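# Structural overview for review
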Amino acid sequence: MTTPNPNQPEDPTPAYFRETGGLRWHARALMHWRLHEPFRREVHEFLGQWQPRTADVVLVGPSAGWSLPSTFLSRFSRLTFIELDRAAPLFFRLRHGRALRAAKCSTRWILGDFTTHLKTVIEAQPGCAVLFCNVLGQLGLERADYESQLAALPQSLSGHPWASFHDRFSAVIDQSRMQALSAFSTDQPLDARALQNLGLTGQWTDHGTGQLLMPGVTRRYIPWQITSRRFHWVEAGSVG
Ligand SMILES: C[S@@+](CC[C@H](N)C(=O)[O-])C[C@H]1O[C@@H](n2cnc3c(N)ncnc32)[C@H](O)[C@@H]1O
């Protein structure tokens, strides 16, 4: 994991430029749109299989929903978004507004840190579903206490169906090696030894998300070529 900055304030505040999102992320998502296509396809497939029986969903770190299909979002009647990026609501409306209006979905944005807001939001909506949108593997860039926050998270979601796709490992690797990698499902967590078994030697960053999904939960490991040099293994799974 990238070393957390000990001077980070306890609660990050919403902004247009942040380490994990904001205008830089929107520019990168648009600039690498074609490169991210296989990743988006995998995320769509994963979300298509997640069928929580509720009309209420809380999306954590959705950004503009660049990797989320409108068809998935409009399955829900009430959507609550928790985000640190002040620009996200505008870009989200541009990408999904028309589909959500057509499906008569109601939307509510909470601009703030989910570790502060999530508990109150889900307590007010018993049984609502929660989707973490590629945010949990980046918590170390926003909070010095990310390890204890991630450790406490699964228990705090008890009674709510939840799903997450998040960074598990990342590295700078050759493009030819990246292109040879494909998604796979397993109930064995991907760890340093499994990476070696896949022939993926080298310097990998561990994003601290290894304990989020309980043993026995089926995980999908999705390769994400984020730039021409940078590669992420994204772990996707659902609980409840
Ligand atoms: C990689 S982006 C997510 C991309 C998104 N899945 C998409 O489809 O465009 C991570 C997002 O999480 C948000 N984020 C990071 N830490 C957060 C936190 N503690 N609370 C709320 N949002 C957070 C960032 O602002 C950013 O928009």
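Residues numbered from 1 in each chain as written. Predicted model: local features only at pLDDT ≥ 70, side-chain atom pairs only at ≥ 80, totals over all residues. Heavy atoms only, no water.

A word on helix α2 (residues 37–49). Compared with an ideal rise of 1.5 Å per residue, which puts 13 residues at 18 Å, α2 spans 19 Å between its outermost C-alpha atoms and is within 8% of the ideal. All buried positions along α2 are accounted for by Phe39, Arg40, Glu42, Val43, Phe46 and Leu47. Viewed end-on, α2 has its buried residues packed into an arc of 160°, placing them on one side of the element. Among the structural elements, α3 (70–73), β4 (129–133), β5 (162–172), β8 (219–225) and β9 (230–239) are those in contact with the buried residues of α2. (Helix = DSSP H or I, 4+ residues; strand = E, 2+ residues; numbered from the N terminus. Expected span 1.5 Å × (residues − 1). Buried < 20%, exposed > 50% of the residue type's maximum accessible area, 1.4 Å probe, protein only. Arc of directions from axis to C-beta. Contact = heavy atoms within 4.5 Å.)

Turning our eyes to something else, we now look at helix α7 (residues 146–156). Along α7, the positions that sit buried rather than exposed are Tyr146, Leu150 and Leu153. Along the axis of α7, the buried positions cluster into a sector of 45°, meaning they face one direction only. Exposed residues lying more than 90 degrees from the buried face of α7 are Glu147, Ala151 and Gln155. Packing partners of the buried residues in α7 comprise α5 (114–123), β4 and α6 (139–142).

Our focus in this paragraph is the environment of Gly208. Note that Gly208 resides in the loop between β7 (205–206) and β8. Residues Gly208 and Leu136, 72 residues apart in the sequence, show an inter-C-alpha distance of 8.7 Å.

Per the counting criterion, the structure on display carries eleven salt bridges. Taking the shortest distance from any N to any O, the salt bridge between Arg78 and Asp56 comes out at 2.4 Å. Residue Arg78 is found in strand β2 (residues 78–83), and its partner Asp56 is found in strand β1 (residues 56–60); the two are separated by 22 residues along the sequence. By relative accessible area, Arg78 is classed as partly exposed at 42%. Linking Arg168 and Asp206 is a salt bridge whose minimum nitrogen-to-oxygen distance equals 2.7 Å. With a gap of 38 residues between them, Arg168 in strand β5 and Asp206 in strand β7 connect regions that are remote in the sequence. Within this structure, Asp11, Asp113, Arg143 and Asp145 form a network of salt bridges that share partners. (Salt bridge = Lys/Arg side-chain N within 4 Å of Asp/Glu carboxyl O.)

Within the fold, Arg40 resides in helix α2. For Arg40, the residues in contact, after removing those within four places along its chain, are Trp33, Trp66 and Ser67.

With that out of the way, let us pick up the pairing of β1. Most of β1 is tucked away, with five of its five residues classed as buried. Alternating residues of β1 divide into Asp56, Val58 and Val60 and Val57 and Leu59, and every residue in both groups is buried. Where β1 and β2 come together, five bridges link them in parallel fashion. Within β2, the position partnered with Val60 by the bridge is Ile82. As judged from the four bridges shared by β1 and β4, these two strands associate in the parallel manner. (Pairing = 2+ DSSP bridges.)

Here we take up the site of the ligand. Taken together, the neighbourhood of the ligand is formed by 22 residues, with Ser67, Glu83, Asp113, Phe114 and Cys133 sitting nearest. Residue Trp25 places a side-chain N or O atom 3.4 Å away from an oxygen atom belonging to the ligand. Contact distances for the ligand include 2.8 Å between a nitrogen atom and a side-chain N or O atom of Asp113. Relative to its unbound accessible area of 600 Å², the ligand is 99% covered by the protein chains. Elements represented by at least two residues in the shell around the ligand include exactly β2 and α6. By residue class, the composition of the shell around the ligand is nine nonpolar, nine polar and four charged. (Near = heavy atom within 4 Å. Polar contact = N/O pair within 3.5 Å; in protein donor to acceptor, adjacent residues only side chain to side chain. Areas by Shrake-Rupley, 256 points an atom, 1.4 Å probe, with all protein chains shown as cover. Nonpolar A, V, L, I, M, F, W, Y, C, P; charged D, E, K, R; others polar.)

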